[in-house]
Amino acid sequence: MRQRITFIQQPQDSVDPKSLKVTKNDISTTGLKGAREDRVTFGFEELPQELYRVLKATHELHIRWVSESPYESIVPFVSRVSPGLHVFYTPQRNSNNSSLLCPALKKVFGEIDCISPEKSFTTLPIERFSHSSATQYYTPLPYLNTFIHYLINKLCAPSKDTTACLSRAELLHSASYLDIDFDTISHALSITGFWPAQTWSLSLPTTSSNRLEVGMLSIQTPQAPEELSLGGFLTVVGEDASPSPTLFSFPARHHPTSQSFTSTFLVPSGLHPTLQLRISGSAKPVDGAACALHAHLTLPKAVFADKYQFSDSLFLASKNLSALHYISPDVDLEAPAYTVPHWGSSLLLELSPPSVKEDVEWTAEVPLHLRYLAPSEGGTQEVHIPSPVLFWACTAEEGSKFTVNPFERVDLGYEGLFGPRTMFYHLDPEPEASTIPAAERDMHGSGGGGRLVNTLEVPVLDSQKSAYVELGTAAVVMAGFAWVCWCLWRVWRRGGYGRTRVAVMEKKKQ
Amino acid sequence: MPSFFSPLPVFTSAILLRTTLLFYGLWQDAHSPLKYTDIDYNVFTSAASLITHHASPYDRATYRYTPLLAWLLVPTTFTGTWSLWWFSFGKVLFATGDIVAGWLIVLVLTRHRGMAMGRALRFASIWLLNPMVATISTRGSSEGLLGVLVVALLWAVMGKRIVTAGFLLGLGVHFKIYPFIYATSVVWWLDDDVVEEGGKEKGKGDGEGSGVFGTLWRFCNGARVKLAVISLLTFMGLNGLMSSIYGWPFLQHTYLHHVTRIDHRHNFSPYNTLLYLSSSSTSTPGSSSPSSSSPSSSLHLESLAFIPQLFLSAFALPLMLAKKDLPSTMLAQTFAFVTFNKVCTSQYFLWYMVFLPFYLPTSSLLAHPKLGLSAAALWIATQGLWLQQAFQLEFLGLSTFVPGLWVSSLLFFLTNAWLLGVIVSDIGSTSTSSPVSESMSKSKPKVLVK
C-alpha cells in the first residue's frame with residue numbers, strides 16, 4: 001500500500017516547516033490551512049477476493065464520484081465532473097466475466113440500477129482516443145455511506161492499524177469527490193479523495209510496510225500559460241527526518257477561470273423541460289487562443305435530448321447554442337424509462353456566447369424531453385438531474401506537450417472527445433440563487449436546496465386512481481362496440497346484407 | 001352568375017391554397033426557430049439521404065415506413081443552386097396527391113353516383129379545400145399519399161379496373177397496413193351482378209351444383225380471383241424486394257413495430273391509459289425500479305383490443321354494408337379502424353376524411369342539420385377536452401392521466417362510436433328506403449320476414 005497526501009495552500013497560508021513534527025512513523029501539525037488530496041494505492045494482493053475477481057476481468061476501470069454540495073476547486077485540482085457516480089469501464093478482451101461488475105458496484109456503493117455492462121452501460125467513442133474507456137455508466141448517488149462502510153469492513157479490518165484506517169475512511173464523508181482507478185498495466189487500484197480548503201489538525205501515522213508521502217504545497221506564478229507551478233515541502237514519513245523543500249512546474253490540461261454558472265429548469269417544465277444555463281461571463285479565458293465554450297451534460301434515462309433537434313441553425317441560435325458535438329449512441333426518442341435498459345445518455349454541446357466586448361452575464365437553453373416513468377402514488381415522480389460541466393476548450397500552441405502530470409484526473413467523460421492539445425478552462429458551478437425561502441427550498445422545484453442537482457417533478461399515472469382504468473376502458477369499449485353491432489343488426493333485420501339492385505334483378509329473373 | 005363549384009375555380013383554389021401554405025412554410029422555416037415543417041418530414045428526408053448514401057433508411061431513428069417512401073423522396077436530397085426547392089419536393093408530391101385524390105373523388109361521384117358536377121365538386125371540396133388536409137400535406141406528412149392510394153383503389157374498383165385495383169390494394173397495404181380492411185369490402189362487393197353489369201366478366205356456374213362447394217365456387221368469380229391474386233402478388237412482391245434489400249429492420253420497423261409496441265405516449269385512443277398501465281407493469285428492465293410493485297393488471301384486456309376493431313372494420317361492416325354502398329362502407333370501416341385502434345393521432349383522421357364526400361350526400365347528418373351540428377359539436381368538444389388535458393400534462397406538467405386524459409379519451413371514443421352507429425344506419429337505410437328492398441327476401445332469414 002502506498003499513500004500520498006497533498007495539501008494545497010494559498011501562498012499566504014504556506015506552512016512553516018518548523019511547525020511540522022516528523023517522527024519515524026508519524027507526521028503531525030495543527031492549524032494547517034488548505035485543500036487536501038489523499039491517494040491510497042493498493043496492490044492486487046491487498047484487495048479482498050471479490051474485488052480481485054472483478055478486476056481480473058477488467059482492462060480499465062475508472063470510477064468518479066462527486067458530491068452534490070458545491071465546493072471550491074483549487075489549482076491543480078480544478079477539473080470538474082457532474083455530481084453523482086460515474087463508471088468508465090473497459091472489459092478485459094476475451095473475458096466474459098463482466099457480469100461481476102454490477103453486483104460488485106451494488107455491494108460497494110449501495111442499491112443502484114445496474115444489471116450488466118452490456119445492458120446498463122453506453123458505449124463511448126473509442127476510435128478517436130484509445131486511452132479513454134469503452135463504456136460509461138452513471139447513477140445519482142448523494143452520499144458515500146455504503147462505500148465507507150465497505151472500506152471499513154473489507155479494507156480496514158485486515159490491517160494492523162485499524163484506528164488510523166477508520167478515521168481516514170470516515171473522513172470520506174466530507175469529501176467533495178472520489179476517484180477510483182484501476183488498469184491492467186499498473187495492476188494497482190488507487191482511491192483518491194479530495195477535500196476543499198479548510199483547517200486541518202493532523203497526525204498521520206504509518207507502518208513500515210506502507211509508504212506515506214506527504215506534500216504541503218502552495219501555488220506559484222507559472223512561467224507559461226499552459227503550466228502550473230507549485231512550491232513547498234515533501235516528506236516521506238519514515239525515510240525523511242525533516243520536510244524537504246521543493247518547487248516544480250508542469251504543463252496542465254485543466255485550468256480555472258473566474259467565470260461561474262448556474263443551471264435550472266424553466267418552469268413549468270412539463271414533459272419537455274428546458275435546462276437554462278446562466279453564465280456569469282462571455283469573455284474567453286485566454287486571449288488569442290481558439291476557444292469554444294462547451295457544456296457536458298449527464299442525463300439519467302428519464303430525460304433525454306433529441307439529437308435531430310440540434311441540426312437547425314436558427315433553432316440553435318435562438319437558444320444560444322452552436323452545435324451538438326456528441327451524444328451517446330442509441331438514444332430512443334419514444335420509449336418510456338421503464339423499457340430503457342441504458343443508464344441514460346451524455347452529450348457535449350458547444351455554446352454560443354454573445355459576441356460583445358464587455359464580459360456580460362448571459363443564458364443558454366438546452367431543450368430536453370422526459371420519458372414516461374412508471375406510475376406512482378400521487379401522480380408525480382421526482383427525477384434528479386446533475387448540474388452539467390461547463391468549460392472553455394482552447395487549443396494549446398503548437399508544440400506544447402501534455403504528459404499526464406502527477407495531479408491530473410483523466411477519464412472524466414469529456415476529455416476523450418477533444419484532441420490531445422486541448423486545454424480545459426473550467427467554470428465554477430453554483431447552485432441556483434433561489435428565491436424560494438430556505439425552509440421550503442427542499443420541497444420545491446428545481447433549486448434543490450443549494451445542491452448541484454436539479455429536481456424535476458415528472459407527471460405520471462397516479463397508481464391510486466388507476467384501479468378502474470382497466471375495467472372502465474373495457475366497459476366503455478364494449479358499450480361502443482355493442483352500439484355499433486346493434487346498429488348493424490338493425491340494418492340486417494331491415495334489409496339483409498344484399499344490395500338494393502340485387503333485389504331488382506332477382507325480380508326480373510323471376 | 002357562374003357558380004364557384006365548377007372544376008376550374010375549385011381546383012385552382014385547392015392548388016392556390018396549397019401553394020400559399022407551401023411558401024408560407026418556407027418563409028416560416030427560414031425565419032423562425034419554430035418550424036412549419038413536420039418533424040416526420042425531417043425523418044423522411046434524412047432517410048432519403050441515407051438511401052443516396054447506400055445506407056438503410058432504418059438507420060434514421062423513428063423511420064417506420066416502407067423504403068418506397070424514402071425512395072420517392074430521393075429528389076429532396078439533390079444539391080446545387082436549387083437544393084432548397086428540391087427539399088420541398090416531398091411536400092409538393094404530397095400536396096399533388098391531395099389534388100389527385102380530390103379529382104378521383106369527383107370522378108367517382110359523377111360517374112358512379114350520377115351526381116352533377118357542381119354538386120360533386122361541392123362535396124369534393126370537403127377534401128380539396130379543407131385547411132386541415134392542405135396543412136398536413138404541405139407540412140410534409142405522408143398521410144395524404146395514403147388518401148390518394150385508397151381513393152384510387154375505390155375509383156379503380158368502381159370502374160371495374162380489377163388489375164389496377166389489385167395493384168393499388170397491395171401497394172396500400174404495403175405502405176400502411178390498414179388498407180387491408182378494404183379487401184373484404186371490395187371482394188364482397190364484386191359479386192356477379194356487379195361484374196356482369198360491367199360486361200367484362202362472364203358469370204360462371206349455370207347450375208354447377210349447390211351446397212357449400214357450389215356456393216364457394218360461384219363466390220370465386222373471375223374478378224375476385226384476379227383481385228386477390230394481383231393484390232397478393234403486389235404486396236408479397238414489394239415485401240420480398242424490401243426484405244431482400246433491407247432485411248430484418250424493414251419488417252421490424254414497417255410492420256412488427258406497430259403490432260408489438262404497447263408503450264405509446266398519450267394519444268386519442270381509448271386504450272392509451274390502459275396501455276401505459278400495463279406496459280409499465282410488465283416491462284421492468286431496471287430491476288430496482290421503485291414502483292414496479294404498482295398494481296399490475298392481471299387481465300391484459302388490451303391484448304384483445306384487436307377483436308372489436310377487426311371484427312367491425314374487416315368483417316361485420318363490409319359484410320353488412322359493402323353491397324349497399326361501397327364508398328360509404330369504406331368510410332365506416334376506416335372510421336371503425338381508427339376509433340377502435342390502440343393508437344390514434346389527428347393525422348389518422350385524414351384516413352377517413354377522404355371518404356366523407358361519398359357518405360355525406362346521403363347522410364342523415366346533412367338531412368337533419370340539428371343532428372349534424374350536434375355530432376360536429378360533440379366531436380370537437382370531446383377532442384377539445386382531451387387537448388386541454390393533454391396541454392396541461394405536456395406543457396404544465398400536471399398529472400392529468402387519470403381521470404382527465406382517460407375520461408376525455410373515452411368520451412371522444414363514445415362520440416366516435418355513436419357517429420359510427422349513425423353512419424351504419426345511414427348506409428343501411430339508403431338501400432332499404434327504396435321500396436323494392438322490402439320484397440327482397442333471398443338473403444333474409446325467414447323468421448324476420450313479415
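Procedures and definitions
- Residues numbered from 1 in each chain as written.
- Chains lettered and ligands numbered in written order.
- Predicted model: local features only at pLDDT ≥ 70, side-chain atom pairs only at ≥ 80, totals over all residues.
- Heavy atoms only, no water.
- Disulfide = S-S within 2.5 Å.
- Helix = DSSP H or I, 4+ residues; strand = E, 2+ residues; numbered from the N terminus.
- Buried < 20%, exposed > 50% of the residue type's maximum accessible area, 1.4 Å probe, protein only.
- Salt bridge = Lys/Arg side-chain N within 4 Å of Asp/Glu carboxyl O.
- Core = buried A, V, L, I, M, F, W, Y, C linked by side-chain atoms within 4.5 Å.
- Domains from an automatic or database assignment.
- Contact = heavy atoms within 4.5 Å.

1. Examining the state of the cysteines
All names here are of chain A. Scanning the model with the defined rule gives two disulfides over all chains in all. Disulfide pairing places Cys102 opposite Cys114 at an S-S distance of 1.9 Å. The sign of the S-S torsion, about -50 degrees, decides the handedness of the disulfide formed by Cys102 and Cys114: left-handed. Placement of the pair is Cys102 in helix α2 (residues 101–109) and Cys114 in the loop between α2 and α3 (117–120), with a sequence separation of 12 residues. Each of the two residues, Cys102 as well as Cys114, counts as buried. The side chain of Cys291 participates in a disulfide bridge whose partner is Cys394; the two sulfur atoms lie 2.0 Å from each other. Across the disulfide from Cys291 to Cys394, rotation about the S-S bond amounts to roughly 115 degrees, and the bridge is consequently right-handed. Of this pair, Cys291 sits in strand β15 (residues 291–300) while Cys394 sits in strand β22 (residues 389–395); the two residues are 103 residues apart in sequence, bridging distant segments of the chain. Like Cys291, the residue Cys394 is buried in the burial classification.

2. Describing the pattern of salt bridges
Here the structure, examined in full by the defined rule, presents 24 salt bridges over all chains. For Glu37 of chain A, the salt bridge is made with Arg39 of chain A, and the minimal N-O distance between the two is 3.9 Å. Here Glu37 of chain A falls in the buried class, since its relative accessible area comes to 2%. In this structure, Asp312 of chain A and Lys35 of chain B form a salt bridge, with 2.8 Å as the shortest nitrogen-oxygen distance.

3. Focus: the nonpolar core
In this structure, Leu351 of chain A together with Leu312 and Leu420 of chain B are the most contacted members of the largest nonpolar core, which totals 184 residues. Broken down by element, the residue count for this core peaks at 14 residues, all from helix α22 (residues 401–432) of chain B. The residues that make up this core include at least three from each of domain 2 (255–459) and domain 3 (466–509) of chain A. For Leu351 of chain A, the contacting residues outside a window of four places in its chain are Leu277, Ile279, Leu293, Ala295, Asn320, Leu321, Ser322, Trp362, Ala364 and Leu390 of chain A. By size, the runner-up hydrophobic cluster in this structure holds 58 residues, among which are Leu85, Ile152, Leu155 and Phe182 of chain A.

4. Some details on the environment of Asn210 of chain A
Residue and element names in this part refer to chain A. By the element assignment, Asn210 lies in the loop between β9 (188–205) and β10 (211–220). A residue is classified by how much of its surface remains accessible, and Asn210, at 17% relative accessible area, is buried. Between the C-alpha atoms of Asn210 and Gly238, which are 28 residues apart in sequence, the distance is 9.7 Å.

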